[in-house]
Amino acid sequence: MQAEPALAWKLTVNVQGLDPASRAAKQATGVVKDSPIARALLAERLPDGRTRRHAYSKWDGAHWILVVLADLSYPPGDETLRPMVEQCYAWLLSAAHAKHIREMNGRVRRCASQEGYAIWYALRLGFANDQTTELVERLLKWQWPDGGWNCDKHPEASKSSFMETLIPLRALALYARVSGDGRVRQAVERTAEVFLRRALFKRQRDGEVMDPHFVWLHYPCYWHYDILFGLKVLAEAGLIGDPRCQAALDLLESKRLPDGGFPAEKSYSRTTRPGLSGYSLVSWGGTSTRRMNPFVTADALFVLRMAKKA
């Protein structure tokens, strides 16, 4: 795991617990920026700095490249990333995109993970502006009574989606911390209940696993959900100490391998057949139930460290 430069910041700050403002942490962001993974993610940009394919192209569009760079803690303020950020904001704030925002039975049907990630990586990468605040206001306006969001177009749908709610939770938690906006923090606490009242992976009516994909470990999750991603977001939001996280923490701990690492049991990306949906510009360490995946391991160790501190 130490041989993976892209994990330098996660290992320094998230796993070892060093102050993000420390010299070691600042040096680690430089290692991330110069890592083969970061260079590969950015290698296919057009001369104007944007990506050739649509911003939302899975997983080689600007939106997804910025997501994974931000998750690896690529250093903020790199102006070469600005064209991609602007490409994503032009898409999300366009009239064409507005046509996908529909209200049925008093609930806005919206894939809020899109706006959520745009808020989150703008904050993480140092490009937040008035448009970022506009996206925050939209999420607050679209929030469902149970605390989350959903893009289900069936009028009878009345419960939030885990996939469309976790990423807005991540974004709003960061925005609340940076801005000090009490309204947003209240929204965060409401949103967290979508997951906490279900122990992060169990149906309320019978306590059974909601979806088998939720209990398999992945990296990156992109817009998908699993218990590790859920725990990571709750840790970032300062809510990992809630006792309702314990079942998911126990399940995560049960997946620890004899060498102390954690596996990537499934993957949402592939490195073959460029141009097709799901194509990744880089490999994320492969999948196996018996072999440690460094990216999953770094996140799992962060979650378990934060749970012990809580």
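Report follows, based on the coordinates.

Cut-offs applied
Residues numbered from 1 in each chain as written. Predicted model: local features only at pLDDT ≥ 70, side-chain atom pairs only at ≥ 80, totals over all residues. Heavy atoms only, no water. Helix = DSSP H or I, 4+ residues; strand = E, 2+ residues; numbered from the N terminus. Buried < 20%, exposed > 50% of the residue type's maximum accessible area, 1.4 Å probe, protein only. Lys, Arg positive; Asp, Glu negative; His and termini not counted. Salt bridge = Lys/Arg side-chain N within 4 Å of Asp/Glu carboxyl O. Polar contact = N/O pair within 3.5 Å; in protein donor to acceptor, adjacent residues only side chain to side chain. Contact = heavy atoms within 4.5 Å. Core = buried A, V, L, I, M, F, W, Y, C linked by side-chain atoms within 4.5 Å. 1 Å grid on protein atoms, 1.4 Å probe; cavity = no way out; pocket = protein on both sides within 12 Å on 5 of 7 lines; lining within 4 Å. Points joined across faces, edges and corners; volume = space filled by probe spheres on them. Nonpolar A, V, L, I, M, F, W, Y, C, P; charged D, E, K, R; others polar.

Its location among the elements puts E4 in the segment before helix 1 (8–15). The charged side chain of E4 is buried without a salt bridge, its nearest counter-charge being R39 at 9.7 Å. Separated by 2.9 Å, the side chain of E4 and the backbone nitrogen of A6 make a polar contact. If we skip the residues at most four places from it in the chain, E4 touches I37 and F295.

Before going further, it helps to spend a moment on the environment of A90. Following the sequence through the fold, A90 ends up in helix 5 (residues 82–92). For A90, a relative accessible area of 48% puts it in the partly exposed group. Taking C-alpha positions, A90 is 9.4 Å from A55, a pair spaced 35 residues apart along the chain.

Further remarks concern unusual backbone geometry. The omega torsion of the bond from K58 to W59 falls at 0°, within 30 degrees of zero and hence cis. Mapped onto the fold, W59 is located in the loop between helix 3 (36–42) and helix 4 (62–71). The omega torsion across Y219 and P220 is -10°, close enough to zero to call that bond cis. By the element assignment, P220 lies in the loop between helix 10 (182–196) and helix 11 (227–236). Residues other than glycine seldom take positive phi values, yet N105 does so here, at roughly 50°. Assignment of secondary structure puts N105 in the loop between strand 1 (102–104) and strand 2 (107–109). Backbone geometry places L200, a non-glycine residue, at a positive phi of 75°.

This brings us to the nonpolar core. Within the largest apolar cluster, 105 residues are counted, with the highest numbers of intra-cluster contacts made by Y121, L200, L252 and W284. With 10 residues, helix 9 (residues 162–179) is the largest single contributor of residues to this core. Look past the residues within four positions of Y121 in its chain and what remains in contact with it is H63, L66, V67, A70 and C88.

Attention now goes to the pattern of salt bridges. For the structure shown, the criterion picks out 19 salt bridges. The partner of R183 in a salt bridge is D181, and the shortest N-O contact between them spans 3.1 Å. Salt-bridge contacts for D206 lead to R203; the nearest nitrogen and oxygen are separated by 2.6 Å. On the accessibility criterion, D206 (38% relative accessible area) is partly exposed. Within the structure, one salt-bridge network assembled from shared partners comprises K10, D71, R170, K232, E236 and D299.

Here the focus is the layout of surface pockets. Its volume calculated, the largest pocket comes out at about 610 Å³. Lining the largest pocket are 29 residues, with W9, V13, N14, R124 and R177 positioned closest to its centre. Counting residues per element, the ones that place at least two in the lining of the largest pocket are helix 1, helix 4, helix 7 (112–125), helix 9, helix 11 and helix 13 (294–309). Broken down by element, the lining of the largest pocket gets its largest block of residues, 5 residues, from helix 13. A per-class count over the lining of the largest pocket returns 14 nonpolar, 4 polar and 11 charged. If you trace the second largest pocket, you find 13 residues lining it, with K159, S160, R198, R203 and M210 closest to the centre.

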